[in-house]
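Understanding the architecture of this molecule
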Amino acid sequence: MASWDRNTIILLDLVKQPENARCADCGAPDPDWASYKLGVFVCLNCSGTHRDLTDVSRVKSIRLDNWEDDLVEFMRRNGNAVAKAQYEKSVPAFYYRPQQHDCVVLRDQWIRAKYARQEFTGKNAGFCDGTLWKKGKNKRQFQKRRFVLSQDDFTLRYFIKEDSKVAKAIISVRNMNAVFQPEKVGHQNGLQITYMTEDRTRNLFVYHENGQEIVNWFNAVRAVRYAYLRKALAPANDSELMPLLTTRSLKEGYMEKTGPMQWEPFKRRWFVLCSVDRKLLYFKTPMDALELGAVFIGTEAHGFSVRETPTRGSRGSRWRYGLTMETPDRNFIFMCEQELEQRDWIKAFQQVIAQPLLPQHYSNKKLI
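Bear in mind that the values here come from a model prediction, so they are computed numbers and not experimental data.

**A word on the pattern of salt bridges**
Under the counting rule described, the total for this entry stands at 17 salt bridges. Residue glutamate 68 is joined to lysine 60 by a salt bridge in which the shortest nitrogen-to-oxygen separation is 3.2 Å. For glutamate 68, a relative accessible area of 38% translates into the label partly exposed. Two residues, arginine 343 and glutamate 339, come together in a salt bridge whose shortest N-O distance is 3.7 Å. On the criterion of helical spacing, the pair formed by arginine 343 and glutamate 339 is a turn pair, its members being 4 residues apart in helix H9 (residues 339-354). The exposure class assigned to glutamate 339 is partly exposed, which follows from its relative accessible area of 40%. Each of Asp25, Glu88, Arg97 and Lys114 takes part in a single network of salt bridges with overlapping partners.

**Things to note about the sheet that holds strand E1 (residues 33-35)**
A sheet is described by the order of its strands in space; here 3 strands give the open sequence E2-E1-E3, paired in antiparallel fashion. Each edge of the sheet is formed by a strand with only one pairing partner; in this case those strands are strand E2 (40-42) and strand E3 (59-61). Neighbour-to-neighbour, the strand axes of this sheet turn through a mean angle of 30 degrees, independent of strand direction.

**Concerning the side chain of lysine 60**
By secondary structure assignment, the location of lysine 60 is in strand E3. At 2.6 Å, the side chain of lysine 60 forms a polar contact with the backbone oxygen of asparagine 66. Residues in contact with lysine 60, not counting those within four places in the same chain, are Asp32, Trp33, Ala34, Tyr36, Asp65, Asn66, Trp67, Glu68 and Leu71.

**A short note on the environment of tyrosine 321**
Within the secondary structure, tyrosine 321 is located in strand E16 (residues 321-326). For tyrosine 321 and valine 276, which are 45 residues apart along the polypeptide, the C-alpha to C-alpha distance reads 27 Å. For tyrosine 321, the contacting residues outside a window of four places in its chain are Phe334, Met335, Cys336, Glu337, Gln338, Glu339 and Gln342.

**Quick notes on the packing of helix H5 (residues 104-116) against helix H7 (residues 211-232)**
Close contact between H5 and H7 brings their axes to 9 Å; oriented N to C, the two are set at 95 degrees. One way to sum up the angle between H5 and H7 is to call them roughly perpendicular. Across from Val105, Leu106 and Gln109 in H5, the residues of H7 making contact are Gly211, Gln212, Ile214, Val215 and Phe218. Broken down by class, the residue content of the contact of H5 with H7 amounts to 5 nonpolar, 3 polar and no charged.

**A few points about the environment of glutamine 17**
With respect to the helices, strands and loops of the structure, glutamine 17 is situated in the loop between helix H1 (3-16) and E1. For glutamine 17, a relative accessible area of 31% puts it in the partly exposed group. Counting along the chain gives 63 residues from glutamine 17 to asparagine 80, while the straight-line C-alpha distance between them is 10.0 Å.

**A look at the sheet that holds strand E10 (residues 200-207)**
The sheet built from 7 strands is open, its strands ordered E7-E6-E5-E4-E10-E9-E8 with antiparallel pairing. This sheet does not close on itself; its edge strands, each paired only once, are strand E7 (169-172) and strand E8 (177-180). Sheet twist, expressed as the average angle between the axes of neighbouring strands with direction ignored, equals 35 degrees. Here H7 sits on the sheet and contacts strand E4 (127-135), strand E5 (142-150), strand E6 (155-159), E8, strand E9 (191-197) and E10; the angle it forms with E5, its principal contact strand, is near 35 degrees.

**What to know about unusual backbone geometry**
With an omega dihedral of 10 degrees, the bond running from alanine 234 to proline 235 counts as a cis peptide bond. Mapped onto the secondary structure, proline 235 falls in the loop between H7 and helix H8 (238-245). Non-glycine residue arginine 278 carries a positive phi angle of around 60 degrees. Among the secondary structure elements, arginine 278 is positioned in the loop between strand E12 (267-274) and strand E13 (279-283).

About the thresholds
- Residues numbered from 1 in each chain as written.
- Predicted model: local features only at pLDDT ≥ 70, side-chain atom pairs only at ≥ 80, totals over all residues.
- Heavy atoms only, no water.
- Salt bridge = Lys/Arg side-chain N within 4 Å of Asp/Glu carboxyl O.
- Buried < 20%, exposed > 50% of the residue type's maximum accessible area, 1.4 Å probe, protein only.
- Helix = DSSP H or I, 4+ residues; strand = E, 2+ residues; numbered from the N terminus.
- Pairing = 2+ DSSP bridges.
- Axes fitted to C-alpha atoms, helices over the stretch in contact; angles between N-to-C directions.
- Polar contact = N/O pair within 3.5 Å; in protein donor to acceptor, adjacent residues only side chain to side chain.
- Contact = heavy atoms within 4.5 Å.
- Parallel < 35°, antiparallel > 145°, perpendicular 65-115°, else oblique.
- Nonpolar A, V, L, I, M, F, W, Y, C, P; charged D, E, K, R; others polar.

Okay, structure coming up:
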């Protein structure tokens, strides 16, 4: 058997081992590439970032490229588990570890942080001070603003001018969330920060030209949230706290809605369904700063359900596929443009309704 064929068989056996069967960086199954300088098996997407890190990583296809005997032996001695023990030794509990379907900037900066910067040495990430481009509340334009995030008082402040002493806003991290939204923001490093103000949800849309900077801000928010929740929810353990640090919405998109009397004309609105706080929020457009309204979603035992609404000639509705969400207070009728969207929304509502209520949910007046 030729050396090339023999080495390919060895690599294919190595990548079948449990510790190597997923990408070392994003967890994608069946990685087809490997870094012969780091000794890790990675997926095609992550191999692209490794290819840019020529000082610390070199990659080859385990199926298509020729592997010398010494490189195969290096891969045999190392592998994903050995690399993880070295390069992820001190990853803070709050730090977000990107998954296969996360946006490019998260995966790219995770790989650079691990191997190029080797930054997981336990340094404090509970403070961040710098500038971000922020969308105006009632304007489409983005303007440069100074932001300061502090673990000392669990706040995020932003300033109109970099040298200003008075903050334009002081935001508590108590109900804060951060999620990457490159498509919505219109920038590959776009971040959406959400928080509560006067019982309404407020959105900040920001970005930074540098991918490392925006990922640092994202993880700084997670760090301060982690410190806050450890005090607020003591004695909760890390497995309970991690899902609460930052969360993606279960579903977002346009639907048409009518008013409480159900004879008002239907209007198109942008809806956001959050499974952690069990809320359905709606806005006029995806980039609105303030919500127009919110509905808490309880369980079936508390009188909540969702069902398909027969096609009807609804007043002012251009869309044909309806659904009704029943609550103790009223029924909400929504119309979707496509049947697939209708089914997806019903499935998402059912998922939230089926989840058991947590202690913090009982503070909602609708359940008292």
